[in-house]
Amino acid sequence: MLYIIIGVLLFGLLIAVHEAGHFLAAKKLDVQVNEFAIGMGPAIFTRQRGETMYSLRAFPIGGYCAMEGEDEKSENPRAFSAKAPWKKIVILVAGSAFNFLAGFLLVALLFTSVGSYTVPVVKDFMDGFPCAGENGLMPGDRILEINGKKIRVYSDVSACLSAAQGETKDLLVERNGERVVLNDLPLNLREYEVNGETVTMYGLYFDVEKATPLGILEQSWNTCLYFARSVWTSLGMLVTGQVGLQDMSGPVGIVTYLGEAGSQSGSVANGLRNVCYIIALIAVNLAIMNMLPIPALDGGRVFLLLVTEVWYLLTRRTIDPKYEAYLNAGGFLLLILLMIVVTFSDVLKLVN
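Residues numbered from 1 in each chain as written. Predicted model: local features only at pLDDT ≥ 70, side-chain atom pairs only at ≥ 80, totals over all residues. Heavy atoms only, no water.

(A) Seen up close, the overall build of the protein chain. Tallying secondary structure elements over the protein chain gives 8 helices and 10 strands in all. Expressed as lengths along the three principal axes of its C-alpha atoms, the size of the protein chain is roughly 75 × 50 × 40 Å. In the protein chain, which comprises 352 residues, the share counted as buried stands at 40%. Considering only residue pairs separated by 6 or more positions, the protein chain has 63% of its internal contacts joining residues 24 or more positions apart. By element, 62% of the accessible surface of the protein chain is carried by carbon and sulfur atoms, the whole surface being about 19700 Å². Taken together, the 27 basic and 33 acidic charged side chains of the protein chain have centroids lying 10 Å from each other. (Helix = DSSP H or I, 4+ residues; strand = E, 2+ residues; numbered from the N terminus. Buried < 20%, exposed > 50% of the residue type's maximum accessible area, 1.4 Å probe, protein only. Contact = heavy atoms within 4.5 Å. Areas by Shrake-Rupley, 256 points an atom, 1.4 Å probe, with all protein chains shown as cover. Lys, Arg positive; Asp, Glu negative; His and termini not counted. Charge placed at Lys NZ, Arg CZ, Asp CG, Glu CD.)

Printed below as a string of structure tokens:
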């Protein structure tokens, strides 16, 4: 229960961070903000300060930063609609930028607390590993690429190996300061004996490096890039049908998973680290997903804004804002419907 409560609080914090990005950018660019809300549904707490009403709402499944003239015409010179296109784009992108920054800071905090990180440098092999030797992998090899995909952090190794097609893999490694190409390695999951137990693994042990300030920044940045790659990979699998709706999770499923990850970690400290790691992954996930060119999402609004500007340059005519409002309203309804379906699926999984 402890980790579920922490997960709910951190999930709500991500929403607050996202909306704070919009809010701060709007204030900095002199746009009037009418309401800054965390959560959706009926308000359980409100406070008016200046021109802005701050509210906490009942359902922690979203939030909003309601700006003057955001979805309607306004004669107010401080309205969102009255601002230059570049200012609108900055305000719209700021939410995702803050989510990505939150993920980066969380990962940096985790590496700082642990004091070390695993790197994609081969340390040793499990007994029976078939790819060791001068024509294969050797201790000290830093893996740079797998099947042409760049390896930045340790997590990239398993992700690229599991996503790779075929019985063999092509690797690029750094060995004694030189780049070495290793083609057609039969590097696949196999059964190995580890501490008397049979495990299915790739058979590699990797080095652990002591954390340094510059190293933490580099590892945190590369880990966030790994998160971003995972998002795109998941989207590709969803589009191609490799995963379906039953594999998606909403707030209920995410919080449940956070609780399981924390409770199975062996100690409170490790549980908190695991929960924070997942929250960092979700933060980057939200940053990427929210910039997709889908109506109602920030990325969709940026896309429509660019289309409107291009249309004006070509025809010297403006597109009636009501059409954008219709698209955003339709997209919002579809997203709410998807959230309801996914939440219902999460609840069924819990019941089963």
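(B) Summary view of the packing of helix 2 (residues 85–114) against helix 6 (residues 268–289). At a minimum axis separation of 8 Å, helix 2 and helix 6 run at an interaxial angle of 155°. Classified by the angle their axes make, helix 2 and helix 6 are roughly antiparallel. Helix 6 is crossed by helix 2, and the crossing has left-handed handedness. Residues Ser96, Asn99, Phe100, Gly103, Leu106, Val107, Leu110, Ser113 and Val114 of helix 2 form the contact with helix 6, whose own contacting residues are Arg273, Cys276, Tyr277, Ile279, Ala280, Ala283, Val284, Leu286 and Ala287. (Axes fitted to C-alpha atoms, helices over the stretch in contact; angles between N-to-C directions. Parallel < 35°, antiparallel > 145°, perpendicular 65-115°, else oblique. Left-handed = near helix turned anticlockwise from the far one by under 90°.)

(C) Layout of the nonpolar core. Residues Leu10, Tyr117, Ile216, Phe227, Ile279, Ile282 and Val284 are the most contacted members of the largest nonpolar core, which totals 35 residues. Looking at this core, the elements that each hand over two or more residues are helix 1 (2–28), helix 2, strand 3 (116–125), helix 4 (213–240) and helix 6. Counting residues per element, this core draws most heavily on helix 6, at 10 residues. Core analysis: the next-biggest nonpolar cluster, separate from the first, contains 22 residues, Ile143, Cys160, Leu171 and Tyr192 among them. (Core = buried A, V, L, I, M, F, W, Y, C linked by side-chain atoms within 4.5 Å.)

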